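Structural characterization, general
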Amino acid sequence: MSKSHVIMDDAAIRRALTRIAHEIVERNKGIKDCIFIGIRTRGIYLAQRIAEKVSQIEGIEVPVGELDVTSFRDDIAGKDQSGKEKNGFNDLNVHEKKVILFDDVLYTGRTVRAAMDALVSKGRPQMIQLAVLIDRGHRELPIRADYVGKNVPTSKYEEIEVTLEEIDDADQVVIGTNGGQE
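Residues numbered from 1 in each chain as written. Predicted model: local features only at pLDDT ≥ 70, side-chain atom pairs only at ≥ 80, totals over all residues. Heavy atoms only, no water.

An ideal rise of 1.5 Å per residue puts 18 Å on 13 residues; helix H3 (residues 110–122) measures up with 19 Å between its terminal C-alpha atoms. Elements that come into contact with the buried residues of H3 comprise strand S2 (34–39), strand S3 (64–67), strand S4 (98–106) and strand S5 (127–135). Count one or two residues on from H3 and you reach Gly123, which has phi positive near 155°. (Helix = DSSP H or I, 4+ residues; strand = E, 2+ residues; numbered from the N terminus. Expected span 1.5 Å × (residues − 1). Contact = heavy atoms within 4.5 Å.)

Written as structure tokens, this is what we have:
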């Protein structure tokens, strides 16, 4: 990124995740039959953090799983379609559960579409909800988040970078330009 600036620091991220945790509990009238699934890579850590906050609120642990949607994506050139069954989904049962998917940035919607395909291939959830830290717009598919940490309208020439302590050694969200390249 050429020019960039921090739009969320660690405190802002912590507040957003706390708010999302409360919204999830309120919308679902508790957490009965809920499962949190984080989309690899950063969505996993967001799901774990929010699960901890929900556990503090409700006094009950929420199952947390992870999902690798690479083999379900439709926008990766030259991928091997035969790998669809070798998905990075852990063994949580999603049948008749309220699945809350977590991702760091919602952009075109293609990652979320791939995640829904992966989930449905493993069972029939009662419902699927989506929680994201950042919604930057520019959807290519009719997908919207149920829970949003921050809406950040961007141009297609801007990039959003989320870093998390667990893998990047810092919690922050940075916006920058990509030099006019799409």
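In this model, the largest pocket occupies a volume close to 350 Å³. Looking at the largest pocket, it is lined by 20 residues, and the ones nearest its centre are Val105, Leu106, Tyr107, Thr108 and Arg136. Mapped onto the lining of the largest pocket, the elements with two or more residues apiece are S4, H3 and strand S7 (158–163). (1 Å grid on protein atoms, 1.4 Å probe; cavity = no way out; pocket = protein on both sides within 12 Å on 5 of 7 lines; lining within 4 Å. Points joined across faces, edges and corners; volume = space filled by probe spheres on them.)

UniProt's feature table lists "short sequence motif: PRPP-binding" (unreviewed entry) at residues 99–111, given in the numbering used throughout. Helix makes up 15% of residues 99–111 and strand 62%, and the two end C-alpha atoms of the span are 16 Å apart. (UniProt positions renumbered as here; feature names shortened; annotations may be inferred.)

Further remarks concern the sheet that holds strand S1 (residues 4–8). Pairing in this open sheet of 3 strands is antiparallel, and the strands run S1-S8-S7 from one edge to the other. Looking at the sheet topology across the chains shown, the edges are occupied by S1 and S7. Taking the axes of each pair of neighbouring strands and ignoring which way they run, one obtains an average angle of 30° across the sheet. The pairing of S1 with strand S8 (residues 172–177) spans 4 bridges and is antiparallel. Bridge assignment links Ser4 to a residue of S8, and that residue is Gly176. The strands touched by helix H1 (residues 10–27) within the sheet are S1 and S8, with S1 carrying the most contacts at an inclination of about 35°. (Pairing = 2+ DSSP bridges. Axes fitted to C-alpha atoms, helices over the stretch in contact; angles between N-to-C directions.)

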